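Listed below are the residues making up each chain.
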Amino acid sequence: MFAEDPGRGDQLVGEAAGLYLDYSKNRVTRETLGLLLELAESAALAERINAMFRGDRINTTENRPVLHIALRAPRDASIIVDGENVVPKIHRVLNQMAAFANQVRNRSWKGYTGKPIRNVVNIGIGGSSLGPVMAYDALRHYSDRALTHRFVSNVDATDFAESVRDLDPAETLFIVASKSFATLETLTNAKTARAWLLTALGDRDAVARHFVALSTNAEEVRRFGIDTDNMFGFWDWVGGRYSIDSAIGLSLMIAIGPEQFAQFLAGFRAMDDHFRSAPLDHNLPVLLGLLGIWYNDFFGAESYAVLPYDTYLARLPAYLQQLDMESNGKRVDLDGSQVDYQTGPIVWGEPGTDGQHAFYQLIHQGTKLVPCDLIGFLEPLNPSGRHHDLLTANLFAQAEALAFGKTTDEVGAEGVTESQIPHRTFPGNRPTNVILGTRLSPALLGALIALYEHKVFVQGSIWRVNSFDQWGVELGKVLARQIASELEEPAEPTLAHDSSTNALIHRYRAARPPS
Ligand code: G6Q
């Protein structure tokens, strides 16, 4: 295709919100792209986009609008939910967050003993953790290095124990991040944190200086003992996995400061504006979404890999795993009918170049098709000798090698023995998108997240699934409760599970120390 259409490397590209997308190394001709755009049109994609921005209740199973885009709307915008413009209250919370973040940053927020806070521990899980941890890692370069940030999510006590073992309780702030304030893992960790604090400081009044909450549930926050003056609210129209730019971003705002956080939001907004206004054939989230559908539904690709050539983006694949797989991992359409086509793909990845020395082998020469997004930056944040040139050379070289491979003739010409030739041949034709920004910054990270948020929405719209509910997660929230009581109750319980589950429970109980 490159031989027939030499201009495609300059033409099958796009740019928006500071991000450059080269999608020329995909298995598409201009005709294919035209047909995919027709698919988008036949799914009334433009109307779906308008419906989301307008605040229609597109999360049908929960009867809610989907308005993460409102979280980054400018102060003077108007977005109406149930007759109320929600933009002023969003900015009220942002102001409240900024005032608090500044107090922590300038050390005027003191712990109970009068020592300033130096450690910030976010306790949350899923959407209340993956965004904060990913964004903090990504923007660590811009953070106040005198503050220590930790993130506790797993109900495994090791997570909490290892996160706080070197921290002084008198200098530690816990941010309990939970939209529902009912999530077992988060409340268990928050109670353990409260006990850890009170063991050291001895007075229940200490909780007010060392705990704040990010939640939509004021009543449960109060019940836990957190002063609701120290609660930062958001709303049911913000999905967990779409909440890093809400109050859930408080730990990030403390790390990088309110001004940089405003830049982060501006980056999202720039991509929102592009998504809303660019024609579909120049619209980056639309193009990425359609290319993903091409491999997922027409080539049987089961997954795609996200490969950031930037150590700061190490947690991006995990973040996108939730964003994509929780949103589009659905098997019924909006009407509840079973779909007869493939929906959401599996997402995985690791930073390059580490991945190159691990799993790229399969992408180059395996039997599976794994389309890849390679993400890099023109300028390094930690310039040092040749490092950045070598890093970027690897990114470009991988995209080239995946696309063009190495033919048997080329391998033969290298004087390789006949029997070795098949092993050293690379079929090529392995698709990649290359996404480049100038420099990883708060704004660019915001734009990158919004690019993927909207890409996932484009795909969900075409597959006609509800990208904004998560009944599979809700199931997990209730399943363990019964078994937990069967593991813990002193008298031998009557078990009514399958024989495997019953045996596992018996085995665990037999190993439990007598109570
Ligand atoms: C995200 C999901 C899920 C959720 C967590 C935490 O979209 O709904 O990952 O974020 O289960 O829920 P809470 O914030 O309510 O504790």
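Preceding block: the structure.
Bear in mind the structure is a predicted one, so any value in this text is a computation, not a measurement. (Residues numbered from 1 in each chain as written. Predicted model: local features only at pLDDT ≥ 70, side-chain atom pairs only at ≥ 80, totals over all residues. Heavy atoms only, no water.)

Some details on the overall build of the protein
So, step 1. A tally of regular secondary structure across the protein gives 20 helices and 13 strands.
So, step 2. In terms of overall dimensions, the protein has C-alpha extents of about 75 × 60 × 55 Å along its principal axes.
So, step 3. Within the protein, the proportion of its 515 residues that are buried is 53%.
So, step 4. By sequence separation, contacts in the protein at least 24 residues apart represent 71% of the contacts at least 6 residues apart.
So, step 5. In the structure as shown, the protein presents an accessible area of about 22,800 Å², 51% of it carried by carbon and sulfur atoms.
So, step 6. The averaged location of the 61 negative side-chain charges in the protein is 6 Å from the averaged location of its 47 positive side-chain charges. (Helix = DSSP H or I, 4+ residues; strand = E, 2+ residues; numbered from the N terminus. Buried < 20%, exposed > 50% of the residue type's maximum accessible area, 1.4 Å probe, protein only. Contact = heavy atoms within 4.5 Å. Areas by Shrake-Rupley, 256 points an atom, 1.4 Å probe, with all protein chains shown as cover. Lys, Arg positive; Asp, Glu negative; His and termini not counted. Charge placed at Lys NZ, Arg CZ, Asp CG, Glu CD.)

Quick notes on the pattern of salt bridges
So, step 1. Taken as a whole and assessed by the stated rule, the structure comprises 25 salt bridges.
So, step 2. In this structure, the salt-bridge partner of Glu47 is Arg54, at a minimum N-O distance of 3.1 Å.
So, step 3. Accessibility expressed as a relative area gives 41% for Glu47, which makes it partly exposed.
So, step 4. A salt bridge links Arg150 to Asp166; the shortest N-O distance between them is 2.8 Å. Taken together, the residues Arg150 in strand E6 (residues 148-152) and Asp166 in the loop between helix H6 (157-164) and strand E7 (172-177) connect sequence positions 16 residues apart.
So, step 5. Relative accessible area serves as the criterion here: at 53%, Asp166 is assigned to the exposed category.
So, step 6. Overlapping salt bridges, with partners in common, bring together Arg72, Asp245, Asp272 and Glu453 in one network. (Salt bridge = Lys/Arg side-chain N within 4 Å of Asp/Glu carboxyl O.)

Quick look at the environment of Ala401
So, step 1. Of note, Ala401 is situated in helix H15 (residues 387-404).
So, step 2. Classification of Ala401 by relative accessible area gives partly exposed; the value is 32%.
So, step 3. Measuring from C-alpha to C-alpha, the distance between Ala401 and Leu39 comes to 31 Å, with 362 residues separating the pair along the chain.
So, step 4. Beyond its immediate chain neighbours, meaning those up to four positions away, Ala401 contacts His364 and Gly428.

Notes on empty space enclosed by the protein
So, step 1. One pass over the full model with this rule turns up 3 cavities of 30 Å³ or more.
So, step 2. Sorting elements by how many residues they give to the lining of the largest cavity places helix H12 (residues 284-298) first, with 6 residues.
So, step 3. Broken down by class, the residue content of the lining of the largest cavity amounts to 10 nonpolar, 7 polar and 3 charged.
So, step 4. Considering the residues around the second largest cavity, the lining is formed by Leu71, Ile90, Val93, Leu94, Met97, Gly233, Trp235, Asp245, Ser246 and Ala247.
So, step 5. With 4 residues, the single largest contributor to the lining of the second largest cavity is helix H4 (residues 87-105). (1 Å grid on protein atoms, 1.4 Å probe; cavity = no way out; pocket = protein on both sides within 12 Å on 5 of 7 lines; lining within 4 Å. Points joined across faces, edges and corners; volume = space filled by probe spheres on them. Nonpolar A, V, L, I, M, F, W, Y, C, P; charged D, E, K, R; others polar.)

Considerations on the environment of Ile226
So, step 1. Position of Ile226 relative to the elements: it lies in the loop between helix H9 (218-224) and strand E9 (231-233).
So, step 2. A C-alpha to C-alpha distance of 6.9 Å links Ile226 and Val207, two positions 19 residues apart in sequence.
So, step 3. Here Ile226 is in contact with Val176, Phe181, Phe211, Val212, Ala213 and Val221, once residues within four sequence places are set aside.

Re the pairing of strand E5 (residues 119-123)
So, step 1. With 5 of 5 residues buried, E5 is to be regarded as a mostly interior element.
So, step 2. The alternating pattern of E5 places Asn119, Val121 and Ile123 on one face and Val120 and Asn122 on the opposite face, and all of these are buried.
So, step 3. In this structure, E5 lies alongside E6, joined through 5 bridges in parallel fashion. Counted as the bridge partner of Val121 is Arg150 from E6.
So, step 4. Direction of pairing for E5 relative to E7: parallel, over a ladder of 5 bridges. Opposite Ile123, over in E7, you have Val176 as the bridge partner. (Pairing = 2+ DSSP bridges.)

Section: the nonpolar core
So, step 1. Formed by 115 residues in total, the largest nonpolar core has its most connected members in Trp237, Ile254, Phe264 and Leu445.
So, step 2. Residue contributions to this core peak at 13 residues, all from helix H18 (residues 442-463).
So, step 3. The residues contacting Trp237, other than those within four sequence positions of it, are Pro65, Val66, Leu67, His68, Ala70, Leu71, Val81, Val86, Lys89 and Ile90.
So, step 4. Counting 24 residues, the second largest nonpolar core, distinct from the first, contains Phe160, Val164, Phe181 and Ala213. (Core = buried A, V, L, I, M, F, W, Y, C linked by side-chain atoms within 4.5 Å.)

Regarding the sheet that holds E5
So, step 1. Reading across the sheet, the 5 strands line up as E6-E5-E7-E8-E9 and stay open at both edges, with parallel pairing between neighbours. At either end of the open sheet lies a strand with only one pairing partner, and these are E6 and E9. If you compare each strand with its neighbour and ignore which way they point, the axes differ by 20° on average.
So, step 2. The sheet strands contacting helix H7 (residues 184-201) are E5, E6, E7 and strand E8 (211-215), and the helix crosses E7 at an angle near 160°. (Axes fitted to C-alpha atoms, helices over the stretch in contact; angles between N-to-C directions.)

Regarding the packing of helix H2 (residues 30-42) against H12
So, step 1. H12 packs onto H2 with a crossing angle of 100° between their chain directions and a minimal axis gap of 10 Å. Between H2 and H12, the interaxial angle falls into the category roughly perpendicular. Residues Thr32, Leu33, Leu36, Leu37, Leu39 and Ala40 of H2 form the contact with H12, whose participating residues are Val286, Leu290, Leu291, Ile293 and Trp294.
So, step 2. In the contact of H2 with H12, the residues fall into 10 nonpolar, 1 polar and no charged. (Parallel < 35°, antiparallel > 145°, perpendicular 65-115°, else oblique.)

Describing the layout of surface pockets
Unoccupied space between atoms shows up once a probe the size of one water molecule is rolled over them.
So, step 1. Its boundaries defined by the atoms lining it, the largest pocket holds a volume of some 950 Å³.
So, step 2. In this structure, the largest pocket is lined by 39 residues; those nearest its centre are Ile125, Thr183, Val473, Glu474 and Lys477.
So, step 3. Counting residues per element, the ones that place at least two in the lining of the largest pocket are H7, helix H13 (316-328) and helix H19 (471-488).
So, step 4. Residue classes in the lining of the largest pocket are distributed as 15 nonpolar, 15 polar and 9 charged.
So, step 5. Residue lining of the second largest pocket: 16 residues in total, with Thr311, Pro380, Asn382, His388 and Leu391 positioned closest to the centre.
So, step 6. In terms of residue count, the dominant contributor to the lining of the second largest pocket is H15 (4 residues).

Quick look at the packing of aromatic side chains
So, step 1. In this structure the tally under the stated criterion is 22 aromatic pairs.
So, step 2. Relative to Phe224, the ring of Phe181 lies with its centre 6.1 Å away and its plane at 75°, an arrangement referred to as edge-to-face. With Phe181 in the loop between E7 and H7 and Phe224 in helix H9, this residue pair connects regions lying 43 residues apart in the sequence.
So, step 3. Residue Phe181 is classed as buried on the basis of its relative accessible area, which comes to 1%.
So, step 4. Residue Phe224 is classed as buried on the basis of its relative accessible area of 5%.
So, step 5. On the numbers, 5.6 Å between centres and 55° between planes, the contact of Phe261 with Phe264 is tilted. On the criterion of helical spacing, the pair formed by Phe261 and Phe264 is a turn pair, its members being 3 residues apart in helix H11 (residues 258-277).
So, step 6. Joined through ring pairs, the aromatic side chains of Phe160, Phe174, Phe181, Trp196, Phe211 and Phe224 make up one cluster.
So, step 7. Across the ring face of Phe224, the terminal group of Arg194 is positioned such that the distance to the ring centre comes to 4.3 Å.
So, step 8. Stacked on the ring of Trp109, the Lys or Arg Arg209 has its end atom at 4.0 Å from the ring centre. (Phe/Tyr/Trp six-rings, centres within 6.5 Å; stacked < 30°, edge-to-face > 60°. Lys NZ or Arg CZ within 6 Å of the ring centre and 35° of its normal.)

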